[in-house]
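# Residue-level structure breakdown
If you want the building blocks of each chain, they are given just below.
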Amino acid sequence: MLQPKKQKYRKQFRGHMGGSASRGNTLNFGEYGLKAISRGWLSAKQIEAARKAITHYSQRGGKVWIRVFPDKPITKKALGTRMGSGKGDIVDYVAVVTPGRIIFEIAGVPEEVARTAFRRAIAKLPFKFRVISKND
């Protein structure tokens, strides 16, 4: 699973997800991409599940790029713990995704294979995405 090797600060605030993506919103590597339409947090587990779906359907043909990295730690308090006594332990890492952000790119496979692979990946992800191509 993806997670940072080291961080300056172990725990972070939750933050706000306003606006749309100003970087990472164009295809840079592949011919086809998966673009976010809505906003949210993508966990490391969800990114890995989508990556597996893409590589499995494309039969490991072509090349897949992951354009997001889960670098935000999410904390949760233990079950049955009373209020107070500080922030909880880190349970997961997420990537903050805003509309327009490219999540995955793929090259070296036919268009139909790429679109179907991305559709299978969208089924594993928690919010709305669109398949885009370099020709569009």
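The sections below set out a description of the structure shown in this document. Every value quoted in this text rests on a predicted model; they were computed, and no experiment measured them.

### Considering the pattern of salt bridges
Inspection of every chain in the model, using the stated rule, returns 3 salt bridges. Between Arg-67 and Glu-105 there is a salt bridge, with its nearest N and O atoms 2.2 Å apart. Taken together, the residues Arg-67 in the loop between strand S3 (63–66) and strand S4 (72–76) and Glu-105 in strand S6 (residues 102–107) connect sequence positions 38 residues apart. For the residue pair Arg-67 and Glu-105, the accessibility class agrees, reading buried in each case. Residue Glu-111 is joined to Arg-115 by a salt bridge in which the shortest nitrogen-to-oxygen separation is 2.9 Å. Highlighted residues: Glu-111 and Arg-115, both in helix H2 (residues 111–122), separated by 4 residues, approximately one helical turn.

### Concerning the sheet that holds strand S1 (residues 32–36)
Read from one edge to the other, the open sheet built from 4 strands follows the order S3-S6-S1-S7, with strand pairing classed as antiparallel. Single-partner strands in this sheet number two, and they are S3 and strand S7 (129–133). Ignoring which end each strand starts from, the neighbouring axes of this sheet average 20 degrees apart. Both S1 and S6 contribute to a ladder of 4 bridges, which runs antiparallel. Bridging across to S6, Leu-34 finds its partner in Phe-104.

So, how was this worked out
Residues numbered from 1 in each chain as written. Predicted model: local features only at pLDDT ≥ 70, side-chain atom pairs only at ≥ 80, totals over all residues. Heavy atoms only, no water. Salt bridge = Lys/Arg side-chain N within 4 Å of Asp/Glu carboxyl O. Helix = DSSP H or I, 4+ residues; strand = E, 2+ residues; numbered from the N terminus. Buried < 20%, exposed > 50% of the residue type's maximum accessible area, 1.4 Å probe, protein only. Pairing = 2+ DSSP bridges. Axes fitted to C-alpha atoms, helices over the stretch in contact; angles between N-to-C directions.

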